[in-house]
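# Descriptive analysis of the structure
The chain contents come next:
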Amino acid sequence: MSNVLAILPASLPRRAIALVATSALGLFLIWIALSQPPATFGWRLFLLGAGGLILWLADAMRRATARRLELTRDELRDDQGRVLTRVADIRKVDRGTFALKPSSGFRLVLTRSAPIAWAPGLWWRLGRNIGVGGMTTSAEGKYMAEVIAMMISEAEPDA
């Protein structure tokens, strides 16, 4: 088993605010549909469905942000062993201001495409890109990104 080089958990205050806000929105939509029904039945169904979907998203976010990400010499994974990517498959780390990345996080550009996956508030994977962050702290995200960038530069042959 590899040693963990960096750990990236969700920030408790950010997690609490996001879960309360998302759950409140879902409950508010359901409350509107039940207490002040719109004129048409279709709108009522829409509000109930949207409220239910948002509550489902809040629960998915709660479960996802209860985990943390771990970086080893070989892979980036969550604490339950789900591998996001192997370090050998990372081509570039992008932390720029205009990068398509989560808040307080970074984007990894991979050498090959990977299946779509999402852990709301913690990471997402789409094609050759992985976004890490969202409910994480800036300092821990920056540290993990710098460690990955250093590992990539060490692996590149000198030009």
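Residues numbered from 1 in each chain as written. Predicted model: local features only at pLDDT ≥ 70, side-chain atom pairs only at ≥ 80, totals over all residues. Heavy atoms only, no water.

## Description of the overall build of the protein chain
When helices and strands are counted, the protein chain shows three helices and seven strands. Counted from the first residue to the last, the protein chain has its helices and strands arranged as β-α-α-β-β-β-β-β-β-α. Looking at the protein chain as a whole, 39% of its 159 residues qualify as buried. Sequence separation of at least 24 residues holds for 57% of the intrachain contacts in the protein chain that already meet a minimum separation of 6. (Helix = DSSP H or I, 4+ residues; strand = E, 2+ residues; numbered from the N terminus. Buried < 20%, exposed > 50% of the residue type's maximum accessible area, 1.4 Å probe, protein only. Contact = heavy atoms within 4.5 Å.)

## Focus on the nonpolar core
In this structure, Leu69, Leu71, Leu76, Phe106, Met144 and Ile148 are the most contacted members of the largest nonpolar core, which totals 24 residues. Of all the secondary-structure elements, those providing two or more residues to this core are β1 (4-9), β2 (68-72), β6 (106-119), β7 (123-132) and α3 (138-155). Ranked by the residues each element gives to this core, the list is headed by α3, at six residues. Residues in contact with phenylalanine 106, not counting those within four places in the same chain, are Leu8, Val93, Asp94, Arg95, Lys101, Ile130, Gly131, Val132, Gly141, Met144, Ala145 and Ile148. (Core = buried A, V, L, I, M, F, W, Y, C linked by side-chain atoms within 4.5 Å.)

## Some details on the pattern of salt bridges
Here the structure, examined in full by the defined rule, presents nine salt bridges. Between arginine 95 and glutamate 146 there is a salt bridge, with the nearest N and O atoms lying 3.5 Å from each other. Here arginine 95 is found in the loop between β5 (90-94) and β6, whereas its partner glutamate 146 is found in helix α3, with 51 residues between them in sequence. Judged by its relative accessible area of 38%, arginine 95 is partly exposed. Each of Arg68, Glu70, Glu75 and Arg77 takes part in salt bridges that share partners, so that together they form one network. (Salt bridge = Lys/Arg side-chain N within 4 Å of Asp/Glu carboxyl O.)

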